[in-house]
Amino acid sequence: MKAKKILVVTAAGSGVRMGAAVPKQFLELGGKPVLRRTIEAFVRACPDIKVITVLPKDHIPFWKDYCRHNEFYCPQTIVTGGITRFHSVRNALAHVPEDSVVAIHDGVRPLVSESLVRGMFEKMESGRIRALIPVVPMVDTLKVLDRVRDDLGNEILAESVGERVDRSRIFGAQTPQLFRAEDLRAAYSQAFDVAFTDDASVAMAKGIPLSFCEGERYNFKLTTPEDLALAEMIVSCQDRAVR
Ligand code: C5P
């Protein structure tokens, strides 16, 4: 029997770097909230997926209202977020069934493709993989710099002598990150550590072997107003192409 597919969509951040009045996951992108676009990408890829949406406590009524009044009928379990992303995921795990494959995805990565999602679940179904993480190679040259003060006391960036990064070995980790439910539960039973910046780092600390696949340039995390402007352009091209 095939394992159940679960999406945990983390959308409980405040999104301060975007500088908007509402958290970035609720901003409109091509006429729909970012979070709706994110969830729809998974539902299109895997119509049988169960969705667990993690939200800021104060925005739960808003999201329920939005879904009701805009005919967004995807069945979701709504969970209150925690103080960090780690705590938000941990809250969601209480609702994850046994023997399932779980994709954890940032609510602010709405441009993930159906083919990436479908392909990753298929790889997990082979049964040989414990955790699957999409990564993209670095295209920029990387510099190690120190923040120092100049003679006038202003903070400047200065070269860190002798430190060089071999770009060919550095990759950016994206989401969705896929795990077996039992591994995820074991990983998230650990105490929080500030080094846990994604689910892969939590799993790695528990000794769960990680596998990697090619991520996608368009699957970037909406962080700044420039990211949102870029996403608008991509969505308008995509929407025109399907018309
Ligand atoms: O802050 P950052 O951009 O790294 O957040 C990545 C994702 O994790 C976002 O979708 C955000 O809403 C979510 N998050 C969360 N709970 C938190 C902090 C962030 O679900 N406490």
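Here we summarise the structure given alongside this text. These figures come from a predicted structure and were not determined experimentally.

Some words on the packing of aromatic side chains
Within this structure, the stated rule accounts for seven aromatic pairs. What links up through ring pairs into an aromatic cluster is the set Phe26, Phe62, Trp63, Tyr66 and Phe72.

Observations concerning the nonpolar core
In terms of nonpolar packing, the biggest core is built from 31 residues, with Leu35, Ile39, Trp63, Phe121 and Leu178 touching the most fellow members. Where this core is concerned, the elements lending two or more residues are strand E1 (4-10), helix H1 (34-45), strand E4 (50-55), helix H2 (60-69), strand E6 (100-106) and helix H4 (114-125). Sequence-distant contacts of Phe121, that is, excluding residues within four places in its chain, are made with Lys5, Ile6, Cys46, Ile49, Val101, Ala103 and Leu178. If you look at the next biggest cluster of nonpolar residues, it comprises 25 residues, including Val79, Phe86, Ile104 and Ile208.

Side note on the pairing of E1
In terms of residue burial, E1 counts as a mostly covered element, since six of its seven residues are buried. Relative to E6, E1 runs parallel, the two being bridged by seven bridges. When the sheet's bridge partners are listed, Val9 is paired in E6 with His105. Note: E1 against E4, five bridges, orientation parallel.

Examining the side chain of Glu40
Tracing the chain through its elements places Glu40 in helix H1. Take Glu40: its relative accessible area is 15%, and that puts it in the buried class. Among all residues touching Glu40, those that are not within four sequence positions of it are Lys32 and Phe72.

What about the packing of H1 against H4?
Between H1 and H4, whose axes approach to 8 Å, the crossing angle comes to 55°. It follows that H1 is oblique to H4 by the angle criterion. With respect to the hand of their crossing, H1 and H4 are arranged in right-handed fashion. When H1 is examined against H4, the residues Ala41, Phe42, Arg44 and Ala45 are found in contact with a partner set consisting of Glu114, Val117 and Arg118.

Some remarks on the site of the ligand
In the neighbourhood of the ligand, 16 residues make up the surrounding shell, with Thr10, Ala12, Gly13, Ser88 and Lys221 lying closest. In the environment of the ligand, an oxygen atom lies 2.9 Å from a nitrogen or oxygen atom belonging to the backbone of Ala12. If the ligand stood free it would expose 460 Å²; the protein chains cover 83% of that surface. Looking at the shell around the ligand, its residues break down into four nonpolar, seven polar and five charged.

Looking at the pattern of salt bridges
Scanning all chains against the criterion turns up 14 salt bridges. Taking the shortest distance from any N to any O, the salt bridge between Asp199 and Arg85 comes out at 3.1 Å. One end of the pair, Asp199, is in helix H6 (residues 199-205); the other, Arg85, is in helix H3 (residues 85-93), with 114 residues separating them in the sequence. Here Asp183 ties to Arg130 by a salt bridge, and the two come within 2.8 Å at their closest N and O atoms. Placement of Asp183 in helix H5 (residues 181-187) and of Arg130 in the loop between H4 and strand E7 (131-137) is noted, with a sequence separation of 53 residues between them. What emerges from the salt-bridge pattern is a single network uniting Arg85, Asp106, Arg109 and Asp199.

What about H3?
Since one α-helical turn is 3.6 residues long, residues separated by three or four positions face the same way. Residues of H3 that are buried: Phe86, His87, Ser88, Val89, Ala92 and Leu93. Here the buried face of H3 lies against E1, E4, strand E5 (76-80), E6, H5 and H6. A distance of 3.2 Å separates the backbone nitrogen of Phe86 from a side-chain oxygen at the start of H3, and that oxygen is part of Thr84.

Quick notes on the environment of Pro56
Within the secondary structure, Pro56 sits in the loop between E4 and H2. Here Pro56 falls in the buried class, since its relative accessible area comes to 15%. Considering only alpha carbons, one finds Pro56 and Ala11, 45 residues apart in sequence, at a separation of 7.3 Å. Among residues more than four places away in sequence, those in contact with Pro56 are Ala11, Ala12, Gly13, Gln25 and Phe26.

Quick notes on the rules
Residues numbered from 1 in each chain as written. Predicted model: local features only at pLDDT ≥ 70, side-chain atom pairs only at ≥ 80, totals over all residues. Heavy atoms only, no water. Phe/Tyr/Trp six-rings, centres within 6.5 Å; stacked < 30°, edge-to-face > 60°. Core = buried A, V, L, I, M, F, W, Y, C linked by side-chain atoms within 4.5 Å. Buried < 20%, exposed > 50% of the residue type's maximum accessible area, 1.4 Å probe, protein only. Helix = DSSP H or I, 4+ residues; strand = E, 2+ residues; numbered from the N terminus. Contact = heavy atoms within 4.5 Å. Pairing = 2+ DSSP bridges. Axes fitted to C-alpha atoms, helices over the stretch in contact; angles between N-to-C directions. Parallel < 35°, antiparallel > 145°, perpendicular 65-115°, else oblique. Left-handed = near helix turned anticlockwise from the far one by under 90°. Near = heavy atom within 4 Å. Polar contact = N/O pair within 3.5 Å; in protein donor to acceptor, adjacent residues only side chain to side chain. Areas by Shrake-Rupley, 256 points an atom, 1.4 Å probe, with all protein chains shown as cover. Nonpolar A, V, L, I, M, F, W, Y, C, P; charged D, E, K, R; others polar. Salt bridge = Lys/Arg side-chain N within 4 Å of Asp/Glu carboxyl O.

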